[in-house]
Structures are given as structure tokens and as C-alpha cells.
Amino acid sequence: MKRKYVLALAILGLSVSTLVSCKKTDKGTAETTDPTTKTEEVTKEGAEESLQDNSRTSLDWSGTYAGVLPCADCEGIETTLEIKEDGTYKQTSLYKGVGKGEKFTEEGKFEWDSTGSKLTLTPTKGEVSFVEVHEGSVLFLDKEGNTVTGPLAENYRLMKK
């Protein structure tokens, strides 16, 4: 009778040790291959997210911006620019110190550039203009879409209301 118990315990012990060693081998194999794959996936996702981190995706850009833009033959151009989430905009301009205080309104559509930081404003009538979107402001650019330089450069900025 003792032999049966000893034999049964030996078989049971062998079975348990075999199962445990198989599980450890399976986990070991899984651990050596999965972390590399996961690391590569995380690296790819991180790279894609960093490429998409721009004004368009990271800022609350829609809204109304206001300020006074420089003017060559007047005191300044009181300007309001409303950028809408539907891809349209409305710009109102008042030339200070000239005329009878008449406001000019321009409406149209805008498109983001490939970097996601600049807008091309295309009016229904008139010339295209460019703005660069920043945190809490937009900066009007020159006619070629480049940043205005010189002592008056910051005067081309409208602040978000």
C-alpha cells in the first residue's frame, strides 16, 4: 500500500514539475519576443504623434482674434478675424483716421498648410492672405506666406478674444 502512495506521489510530482517547467518556457519565449514588438509599436506610434503635434491638432485655434494692424497711410487697421471650424473665416477691417469709419468685410475659406501651422485665407473676392496660428494669437504673414521681419513684426499679431 505504501508503494502505491509513493508511486502516485512520484507521478503527481513529475506531472506538476513538467507543467510548471512548460509554463515557464512558454512565458520566457513570449517575454523575449513580445517586448521587442511592443517597443517597436510604441516607437512608431510616438513618431506619428510627434509628426502630428502642430497648431492644427494641439491648439484651440477656432475663434475670434482682434487687434490693430500697421497701415502705410493711416493710423492703423482695426482688424477682427473670425476663424470657424467649418473651414470658413470672416475678416472685418476699419481703417483708423481715414474716411468716415467705414468697415470692410471679407469672407471666404481657409486651408491649412502641410505643417499644420499656417492658414491660407482665400476670400470670395480679393487677394489671398496668410496667417500663422499660435497659442492665443494669429500672426499675419507677408504676401508670399513668410514671417514679417523688422521692428514692426509683432504689430502683425491679433490676439484671441
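Parameters and conventions
- Residues numbered from 1 in each chain as written.
- Predicted model: local features only at pLDDT ≥ 70, side-chain atom pairs only at ≥ 80, totals over all residues.
- Heavy atoms only, no water.
- Salt bridge = Lys/Arg side-chain N within 4 Å of Asp/Glu carboxyl O.
- Helix = DSSP H or I, 4+ residues; strand = E, 2+ residues; numbered from the N terminus.
- Buried < 20%, exposed > 50% of the residue type's maximum accessible area, 1.4 Å probe, protein only.
- Phe/Tyr/Trp six-rings, centres within 6.5 Å; stacked < 30°, edge-to-face > 60°.
- Pairing = 2+ DSSP bridges.
- Axes fitted to C-alpha atoms, helices over the stretch in contact; angles between N-to-C directions.
- pLDDT = per-residue confidence, 0-100.
- Contact = heavy atoms within 4.5 Å.
- Core = buried A, V, L, I, M, F, W, Y, C linked by side-chain atoms within 4.5 Å.

1. Side note on the pattern of salt bridges
- All chains considered together, the criterion is met by 3 salt bridges.
- A salt bridge links D60 to K160; its shortest N-O distance comes to 3.5 Å. Highlighted residues: D60 in the loop between α2 (55-58) and β1 (63-69) and K160 in strand β8 (residues 157-160), separated in sequence by 100 residues.
- Residue D60 is classed as exposed on the basis of its relative accessible area of 59%.
- Classification of K160 by relative accessible area gives partly exposed; the value is 26%.
- The residue E154 makes a salt bridge to R157 at a minimum N-O spacing of 2.7 Å.

2. Notes on the packing of aromatic side chains
- Counted by the stated rule, this structure contains 3 aromatic pairs.
- A centroid spacing of 5.8 Å and a plane angle of 80° characterise the contact between W61 and F110, whose relative ring orientation is edge-to-face. Remark: F110 occurs in strand β4 (residues 103-112) and W61 occurs in the loop between α2 and β1; sequence separation between them is 49 residues. The exposure classification of W61 matches that of F110, with both residues buried.
- Relative to F104, the ring of Y95 has its centre 5.8 Å away and its plane inclined at 85°; by these criteria the two rings are edge-to-face.
- Taking the relative accessible area as the measure of exposure, F104 reaches 44% and is therefore partly exposed.
- The rings of W61, F110 and W112 are connected pair by pair, giving a single aromatic cluster.

3. Structural notes on the sheet that holds strand β2 (residues 76-83)
- Strand order in the closed barrel formed by 8 strands is β1-β2-β3-β4-β5-β6-β7-β8, and the pairing between neighbours is antiparallel. Adjacent strand axes in the sheet meet at a mean angle of 30°, parallel and antiparallel pairs treated alike.
- Pairing of strand β5 (residues 118-123) with strand β6 (residues 129-134) involves 4 bridges; the strand directions are antiparallel. Bridge pairing in β6 links K118 to E132.

4. Considerations on the confidence of the model for the protein
- A residue-level look at the protein finds 68% of positions with pLDDT of 70 or above and a mean pLDDT of 79.
- Between residues 1-50, whose pLDDT stays under 50, and residues either more than four places distant or in other chains, the model counts 1 contact.

5. Considerations on the environment of S62
- In this structure, S62 sits in the loop between α2 and β1.
- When the C-alpha atoms of S62 and K84 are compared, they prove to be 5.3 Å apart, with 22 residues separating the residues in sequence.
- The residues contacting S62, other than those within four sequence positions of it, are I83, E85 and K160.

6. So, the nonpolar core
- L81, I83, F110, L119 and V138 are the most contacted members of the largest nonpolar core, which has 19 residues in total.
- Every element with two or more residues in this core is listed here: β1, β2, β4, β5, β6 and β7 (137-140).
- For this core, the element with the highest residue contribution is β2, accounting for 3 residues.
- Discounting residues that sit within four places of it in the chain, L81 has contacts with G63, T64, Y65, Y89, K90, Q91, L121, V131, V138, F140 and L158.

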